[in-house]
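Now for the letters of each chain:
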Amino acid sequence: MKRANFVHIVVVCILIASFGWAQSDSQKDKPLGSNEDRVQRLTLSATRIIEVLNERPDVLVELKALAAEKFAKQGVNIQVADITDEELFRRIGSDSTLRSTISTWLAARGYVSKAELQPLSDDLATTDVPRARTAPSEFIRSERLQSDAPDSEPLSADDVPRPTPAQRAIKLSSKIKEPRAQRESDLEPQVLRRESPYNLIALRDLYTQIPEQHAKLRRFGSELFLRDTFQPSTSMDLPAGPDYVLGPGDSIAISIWGGVSQTIARTVDREGKLTLPEAGPVDVVGVTLQSAEKLIQQKLEPQFRNARVSVSLARVKSVRVYVVGDVQRPGAYDVSSLSTPLNALFAAGGPTAVGSLRVVRHMRGDRLIKEIDLYDLTIRGVRGDVARLEAGDTILVPPAGMQVTISGMVKRPAIYEIRDKDRSLDQIVDLAGGLRVGASLQDIRIERIEASERRVNLSLTVPPNADPIAMRQTLGNFMAQDGDIISIAPVLAYSERTIYLDGHVFRPGRQSFRDGMSINDVIRSYQDLLPEPSDHAEIVRLVPPDFHPTTIQFSLRDAMIGNESIELQPFDTIRIFGRYEVDAPKVAVRGEVVRPGEYPMVRGMTAAALIRAAGGFKRSALREKADIASYDLKDDRKVAVRHVPFAVGRALENSDADIPLKPGDIVTIYQIAGWSEIGASITLNGEVQYPGSYGIQDGERLSSVIHRAGGFRTAAYPTGAVLQRVQVRELQERGKLELIRQIEAASASAKPLPTTSLQEQAGQLQLISQQQEQVLQKLRSQPASGRLVINITRDVTSWENTPADVELRPGDDITIPKRPTFVLISGQVSNPSAVTYSPGKNAKWYLHQAGGATELAHKKQIFVVRANGTVLARNSGSDVDVLGYRMEPGDVLVVPQRILGGSTVWQSLLNTAQFLSSVSITARIASSL
């Protein structure tokens, strides 16, 4: 018993320890439900964090350092350079704890409002919490682990987390490209095409707008520090020149050759001395590398005969410098003594969003060593004469100075920091890479905040046709101020000296316009046109000042020979039509030809030529005679149609018998009598000796086919024979659709009784609507049967050649069922089912066998569908006793539903719908027996 208790205590301790291991250090030693815990559990959505990072990419470096510090607290040493943008985005989408930390950090620095923070739900708070043992495999890609961390084990397939939908969304959102305005070609500025009311290329060009620039611009130079690849180190691979000054901590390699050959390594100690073999210590502090080589040569010559010495720097000393001001990670950094202020600035993550990129001060004590302009590096690629760092140096990044935004038709739209010496607009344009080809200097807009009180909009216009010197002087005279937003618009998207050629020509499109230009300058000969142009042509002219279109018609033939000369204007559209586009003369051929249809009318076309153009006769064509439908105009007010019969076969053989055609004539080729009946067949199924498909002759009857099929089998029930015909099915389908339309149109007349209360009327309306939908749904779901009622018996000779012996049609489907042993009862009965046939029993008896009618049954509308398809029903003016009818095998007793409310017409329509759907069901049942 004691041993069991001891084991139980050990298991509990292990579980507690495991839970404590999984917790982050930030949550240990905190009381549950404390205020700090509640702050940690406020978070932004992953999508919102990604949006902030895309708007402020300079924050990425600082967030990577924050993530590295977080995992360092958990015992995982991850360098900032190992964290790529994609990995950070993926982790933000999967790690709720990191997302909460980043959200709090962003809110504290004003990147988001605290009102945007939402409480983190419990299910998210307990999902994907990083653990010290699994964080590296989840955070760093496997190839980076295997190359940079040799002590770690390779990741297996199970260790690599599968992307969740949230992670995939984050990955997609991280691939936001640069604004489209920055990707547009210099020659193709972004424009919007408005809808033109006319089909004219000229108006399409004029219906263009230059949209307002909405792309968010970055501060120029901020992307320089987005990729933090610099790692502070005491052994940087940088060259050391002969003027390098030695100091404590420097390691040098001394190569000796001549009388003796060896290489020794020595380190300058804290007293600045270097101990040489056989020569003792040498003071080298403050000595250049070149001077130290000479000094060592002098010291070793007495000790080694004919010795020559070469000195190189093996490892440089590290110095501590301070990077302060508006930088991402201010603090003290141990860097190589070969480093420059740029190296230290990269180590600190670069300036913040408010830090200056034009003024970086290198201080040594209270003395300014140099001011560094980062634009020299980012724009010109020039580092300048930058002094190396010494111990105790300070790199100060002050707040940014004046900033202006320039957008539009410049090569590098961005936010630029300017100084007093480059405030002119031409210098700002130079900072932005210069003007693009499509820039319009007649529309330069400046938005300015004046005296910290109001916004004003200014405009600057360069004189038209100004030379480069005058243009630069105009831009140089304008001085920008802090906060100016400068927009340079593109030139118009169309040319004001253009004409357009459209239609039946080889080379349509835009053409250059010149003064005095006429149609002959655009269309020089018929070689510029497609074959068979129409004589009718037109010029669509845009009339200033509002450019409304007007049409000028002209004769192409007269214009080509010079009889008609029209002087063109800018934006004119010359339209050339083909002969068959403008009221084309056409003739048609119908009937038994290979390619019936309309054909262009050519000069001298005859009926025989038209038939040959249509591919000639089909085998079914009647060649003895054909018909030509022609027309004549009477007083240009009335058309008189006449039909001209002619021997088409003889016309093809003898041109004297041919008939000339005129536009609009229609030639009809007849079909040989009985051709469509070739191969006509019907299908005979069921209880016959030889069921199958049978070919029929014109006028053949049902009895003939049954004789050919060997007659009925013993189990056949001819009384219930079903004949389905395509033509009947089509008529029934059209009737069904018309009935559905009438029901839907008459639904407004279905009103409740006015004597009831409003509440009862509402209930009745709901019931009426439900009943209508139920009946319509049932009617739509039942396809038309196409059944043709026939009355035949087993004795074929008794009805052969009588009206019951129906004439067959191609496609008929005849089914002879087996003799059924039941009667079907359907509709509003207690138990709709099939009841075993009992000879001599009437419909009332079978209704009783099905449990009787329900409360919703319409007993006055009960009807019987006999096995042969005929219907026995109680009509309004007859005394037919449906319930007294003696049922036969295969009969169907239908009890319809009572129609609620509505007019008599409404009730009659729904009753008809119920009747049709019931008859379709019985026909399907009969054909399947």
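From a predicted model like this one, the values you see are computed outputs, not experimental measurements.

Here we look at the side chain of Ser 534
As for its placement among the helices and strands, Ser 534 is situated in strand S22 (residues 533-543). Judged by its relative accessible area of 12%, Ser 534 falls in the buried class. Within the structure, the side chain of Ser 534 is placed 3.1 Å from the backbone nitrogen of His 536, a separation counted as a polar contact.

Here we look at the packing of aromatic side chains
Evaluated as defined, the whole model comprises 5 aromatic pairs. Judged by centre distance (5.4 Å) and plane angle (85°), the ring pair of Phe 220 and Tyr 375 falls under edge-to-face. In this pair, Phe 220 sits in the loop between strand S4 (208-209) and strand S5 (251-257) while Tyr 375 sits in helix H15 (residues 374-380), placing the two residues 155 residues apart along the sequence. Like Phe 220, the residue Tyr 375 is buried in the burial classification. When the centroid spacing of 5.6 Å and the interplanar angle of 85° are considered together, the rings of Phe 547 and Phe 571 count as edge-to-face. Placement of the pair is Phe 547 in the loop between S22 and strand S23 (548-555) and Phe 571 in the loop between helix H19 (556-561) and strand S24 (573-578), with a sequence separation of 24 residues. These aromatic residues form a ring-pair network of at least three members: Phe 220, Tyr 375 and Tyr 416. We note Lys 662 situated over the ring of Tyr 631; from NZ or CZ to the ring centre the distance is 5.5 Å.

So, the pairing of strand S30 (residues 681-686)
As judged from the 4 bridges shared by S30 and strand S31 (residues 692-695), these two strands associate in the antiparallel manner. Paired with Ser 681 across the strands is Gly 695, a residue of S31. Linking two consecutive strands that pair antiparallel, namely S30 and S31, is a turn of 5 residues.

Here's the deal with the pairing of strand S17 (residues 439-450)
Pairing between S17 and strand S19 (residues 485-490): 5 bridges, direction antiparallel. Within S19, the position partnered with Glu 447 by the bridge is Ile 485.

Considering the pattern of salt bridges
Scanning the entire structure with this criterion turns up 30 salt bridges. With a closest N to O distance of 3.0 Å, Arg 91 and Asp 95 form a salt bridge. With a relative accessible area of 2%, Arg 91 lands in the buried category. Judged by relative accessible area, which is 0%, Asp 95 ranks as buried. A salt bridge links Arg 380 to Asp 376; its shortest N-O distance comes to 2.7 Å. Placement of the pair is Arg 380 and Asp 376 together in helix H15, with a separation of 4 residues, close to one helical turn. Exposure remark for Asp 376: the relative accessible area of 28% places this residue in the partly exposed category. Through salt bridges with shared partners, a single ionic network connects Arg 358, Asp 373, Arg 419 and Asp 422.

Focus on unusual backbone geometry
Put simply, Pro 544 and Pro 545 share a cis peptide bond, and its omega is 5°. Within the fold, Pro 545 resides in the loop between S22 and S23. Of note, Glu 532 is a non-glycine position whose phi angle comes to about 55°, a positive value. The phi angle at Asn 801 is positive, at roughly 60°, despite the residue not being glycine.

Topic: a nonpolar patch on the surface
A surface patch of nonpolar side chains, amounting to about 370 Å² of accessible area, comprises Tyr 631, Leu 633, Val 639 and Val 641. As for its placement among the helices and strands, Tyr 631 is situated in strand S27 (residues 621-634). On the basis of relative accessibility, which here comes to 32%, the residue Tyr 631 falls in the partly exposed class.

Definitions and cut-offs
Counting of residues starts from 1 at the beginning of each chain's written sequence and follows it residue by residue. Local features are withheld for residues below a pLDDT of 70 in this predicted model, meaning they are given only at 70 or higher, and side-chain atom pairs are given and counted only at 80 or more; totals for whole chains, interfaces and linings count all residues. Note that water and hydrogens are dropped before the side-chain values are worked out from all heavy atoms of the structure. Numbered from the N terminus, helices here are DSSP runs of H or I no shorter than four residues, and strands are runs of E no shorter than two. Note on exposure labels: buried denotes an accessible area under 20% of the residue type's maximum, exposed denotes more than 50%, and partly exposed covers the range between, all computed with a 1.4 Å probe on protein chains only. Under this definition, polar contacts are N or O atom pairs within 3.5 Å; protein pairs additionally need one hydrogen-donor-capable and one acceptor-capable atom, and for neighbouring residues in sequence, both atoms have to be side-chain atoms. Ring pairs are drawn from Phe, Tyr and Trp, using the six-membered ring of Trp, whenever the two centres fall within 6.5 Å, and their geometry is named by plane angle: stacked under 30 degrees, edge-to-face over 60, tilted for the rest. Two limits define a charge over a ring: the Lys NZ or Arg CZ must be within 6 Å of the ring centre, and within 35 degrees of the ring normal. A pair of strands counts as paired when DSSP detects no fewer than two bridges linking them. Whenever a carboxyl oxygen of Asp or Glu lies within 4 Å of a side-chain nitrogen of Lys or Arg, that contact is scored as a salt bridge. Patches here are clusters of residues that have more than 30% relative accessible area and form no salt bridge, with a 9 Å joining cutoff for like charges and a 5 Å cutoff for nonpolar side chains (Val, Leu, Ile, Met, Phe, Trp, Tyr). Using a 1.4 Å probe, the Shrake-Rupley method yields the accessible areas, and only the shown protein chains count as cover for residues.

Geometric values such as these leave the question of function open.
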